[in-house]
Amino acid sequence: MSTVFTDIDFSLPGKQVGFAHLPLSAHNDAWGTIAMPLAVIANGEGPTLLITGAIHGDEYEGPIIINELIRNLQAEQVQGRLILLPCANTPALRASNRVSPLDNKNLARVFPGNPWGTPTEQIAAWIHDTLFPLCDYYLDLHSGGSSLFIEESAQVVVTDELDPAVRKHSEAMARAFGATLTVVTNNMGDPRTSCGAAAKLGLPAIAAEMGWNGSVSPQGVKRTRAAVARVLNHLGMMETDPPSATPSQQVFIPAGGNLLSPGDGWFEPVVSIGDTVLAGDLAGWLHRLSEPCAEPQAVYFQIAGQVYSQRTFGVTSQGNSLAVLVQNLPQEKQA
Ligand SMILES: [Zn+2]
C-alpha cells in the first residue's frame, strides 16, 4: 500500500522518464504532490537494478551520475531493467539538507517506512514496498554529507540473520564497484537504512560514499561514473569500458571505533583521513574558545585503526562523532 502514484509502467520495455508523486496537502497547495524524478530503462531479459541518489539531500555525486544515465542511456544499451531514483528524498535535496525540511527525518533512518506516516516515512515505505520487490540488486549512492569527511567506500550491511548467499552477491557487487575501501558494517546495530532494509528482504545491496562535506568532488563524480559502469558490467546489464577497479581494502568498524566528543567546544583534530592510529594516540584537542585561559581537553583514540571519517564542523557538542576508525577484516572473514 502506498499513496505514491506514477505514470511510469514498470512492466514496459523501453525508456520512460517521469515522476513518482507523493500527495502532500500543504498550506500553499491543498492538492499538490512531492514530485520525485523517476526513470525506468528496460530491454530484454536480465536483472533489475535500483539505483538511488540523494537519500540524503546534501550529497550530490550520486544524483549527478544517475541523471547522466537517464539522459545518455538508450534502452538498446541495457540488458534487463534499470530503475533510477536520483533524488530519493527530493524535499531534502531541494533544501540541500541531510534531512527533510518537511518532517526533519532522515530517509536512511526510517526504513521500512510507514505508508501513512510523515513524508519521509512514506517515501521509505514506497521504496520498500513497491520498488524493492521489483529488484534483484540495489545500489545506493551517498557522499558523506555536510558533517563528514569520509574515505571513498562501498558499505555492505551485514547482520546475523543475513543469508550468506545475499552477502556474497553484495560483496561481489562491492568488488566490481571498486571503491578504495569496502566496509562491512551492521550500521552500529541500526537496521533502518535503505540497504539494511534491502538486506533484510534478501536483496543484495551496497551503499557507497563518494564525496564529502556537502560539496561536489570532481574526483568523486568521475569515480562514481566509472564505479556505476563497472557494476552494470558485473551484472551483465551493459557493456562499457570503464577504468578497471583497483582491489578494495576490506575493513569493518570495530566496537569503540566511533570516537564521540566528551564535551562541548571546538574540536581541533591532529590526524587526517586514512591515517593509522594506535589505542591511546591523541585524536585532537577540544577547545573552549570563548574562555582563552581554559586549557584545551585532550581527546584520545580508544582503539587502534585507520581513520575512516572525521567531523567537518569545528563546533562540537557532547556526543558528536569526531572520527570513525576501521580495521582490516580478518582474512578468514573476507569474501
Ligand atoms: Zn548519505
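Just so it is clear, the structure is predicted and the values come from calculations on it, not from any experiment.

Rules used in this analysis
Residues numbered from 1 in each chain as written. Predicted model: local features only at pLDDT ≥ 70, side-chain atom pairs only at ≥ 80, totals over all residues. Heavy atoms only, no water. Domains from an automatic or database assignment. Contact = heavy atoms within 4.5 Å. Buried area = accessible area lost by both parts, 1.4 Å probe. Salt bridge = Lys/Arg side-chain N within 4 Å of Asp/Glu carboxyl O. Helix = DSSP H or I, 4+ residues; strand = E, 2+ residues; numbered from the N terminus. Nonpolar A, V, L, I, M, F, W, Y, C, P; charged D, E, K, R; others polar. Phe/Tyr/Trp six-rings, centres within 6.5 Å; stacked < 30°, edge-to-face > 60°. Buried < 20%, exposed > 50% of the residue type's maximum accessible area, 1.4 Å probe, protein only. Core = buried A, V, L, I, M, F, W, Y, C linked by side-chain atoms within 4.5 Å. Polar contact = N/O pair within 3.5 Å; in protein donor to acceptor, adjacent residues only side chain to side chain. Pairing = 2+ DSSP bridges. Donors = N, O, S within 2.8 Å, 3.2 Å for Na, K, Ca; no water. Tetrahedral: all angles 85-135°; square planar, octahedral: opposite > 155°, others 65-115°.

Let's shift gears to the domain arrangement of the protein chain. As far as domains go, the protein chain holds domain 1 (5-252) and domain 2 (258-330). Each of domain 1 and domain 2 has a C-alpha centre, and the two are 30 Å apart. Between domain 1 and domain 2, the residue contacts involve 20 residues of the former and 17 residues of the latter. Summed over both sides, the interface between domain 1 and domain 2 buries roughly 1,500 Å², with carbon and sulfur atoms accounting for 60% of that surface. Considering only the surface of domain 1 that becomes buried against domain 2, Phe149, Glu151 and Phe252 emerge as the three largest contributors, covering 39% of it. At the junction of domain 1 with domain 2, the criterion picks out zero salt bridges. At the level of secondary structure, the elements contributing two or more residues to the side of domain 1 that touches domain 2 comprise strand E7 (148-150), strand E8 (153-157), strand E9 (181-185) and strand E11 (249-252). The dominant element in the side of domain 1 that touches domain 2, judged by the number of residues it contributes, is E11, at four residues. Here the residues of the side of domain 1 that touches domain 2 are counted per class, giving ten nonpolar, seven polar and three charged.

Turning our attention to the packing of aromatic side chains. Applying the stated rule across the entire model yields three aromatic pairs. Ring geometry for Phe132 and Tyr138: centres 5.1 Å apart, planes at 55°, overall tilted. Look at Phe132 and you get buried, because its relative accessible area is 3%. Given the relative accessible area of 0%, Tyr138 is considered buried. When the ring of Phe149 is compared with that of Trp212, the centres are 5.1 Å apart and the planes differ by 80°; the resulting orientation is edge-to-face. Of this pair, Phe149 sits in strand E7 while Trp212 sits in the loop between strand E10 (205-209) and helix H6 (218-234), and the two are 63 residues apart along the sequence. Judged by relative accessible area, which is 34%, Trp212 ranks as partly exposed. A network of ring pairs unites the aromatic residues Phe111, Phe132 and Tyr138 as a single cluster.

We now examine the nonpolar core. Nonpolar side chains in soluble globular proteins generally cluster together in the buried interior. In this structure, Leu49, Ile51, Leu82, Leu84, Leu139 and Phe177 are the most contacted members of the largest nonpolar core, which totals 39 residues. Looking at this core element by element, the count peaks at five residues for H6. Beyond its immediate chain neighbours, meaning those up to four positions away, Phe177 contacts Leu139, Leu141, Ala154, Ile206, Ala208, Met210, Ala227, Val228, Arg230 and Val231. Formed by 34 residues, the second largest nonpolar core is a distinct cluster that contains Ile8, Phe10, Trp126 and Cys195.

Moving on: the environment of Arg81. For Arg81, the position within the fold is in strand E5 (residues 80-85). Sequence separation between Arg81 and Gly46 is 35 residues; the distance between their C-alpha atoms is 6.9 Å. Not counting residues within four places of it along the chain, the set of residues in contact with Arg81 comprises Phe10, Ser11, Val40, Ile41, Ala42, Pro47, Thr48, Leu49, Leu134 and Met237. Polar side-chain contacts of Arg81 include one of 3.2 Å to the backbone oxygen of Leu134.

Neighbouring strands of a sheet are bound in pairs by backbone hydrogen bonds; such pairs are parallel or else antiparallel. As summarised here, the arrangement of the four strands in space is E16-E15-E13-E18, forming an open sheet in which the pairing is antiparallel. The open sheet terminates on both sides in strands that have one partner only, identified here as strand E16 (297-300) and strand E18 (315-316). Relative to E18, strand E13 (residues 265-269) is paired through two bridges, and the arrangement is antiparallel. The residue bridging Gly265 from the neighbouring strand is Thr316, located in E18.

With that settled, consider the coordination of the zinc ion. Ideal geometry at a metal centre: 109.5 degrees between donors when four sit tetrahedrally, and 90 or 180 degrees when six sit octahedrally. Around the zinc ion, the protein contributes the donor atoms His56 (ND1), Glu59 (OE), Glu59 (OE) and His142 (ND1), which lie 2.0 to 2.4 Å from the metal centre. Between the four donor atoms coordinating the zinc ion, the angles at the centre fall across 56 to 149°, so the site counts as irregular. When the donor residues of the zinc ion are listed from N- to C-terminus, their spacing reads H-x2-E-x82-H. For the pair His56 and Glu59, a shared accessibility class is recorded, and that class is buried.

Another aspect to go through is the pattern of salt bridges. Counting across every chain of the model gives seven salt bridges. In this structure, the salt-bridge partner of Glu121 is Lys105, at a minimum N-O distance of 3.2 Å. Of the two residues, Glu121 is situated in helix H3 (residues 119-131) and Lys105 in the loop between helix H2 (90-94) and H3; the sequence distance between them amounts to 16 residues. Under the relative-accessibility criterion, Lys105 is labelled partly exposed at 26%. The salt bridge partner of Glu171 is Arg167, with a shortest N-O separation of 2.9 Å. Separated by four residues within a single helix, Glu171 and Arg167 lie in helix H4 (residues 164-177), roughly one turn from each other.

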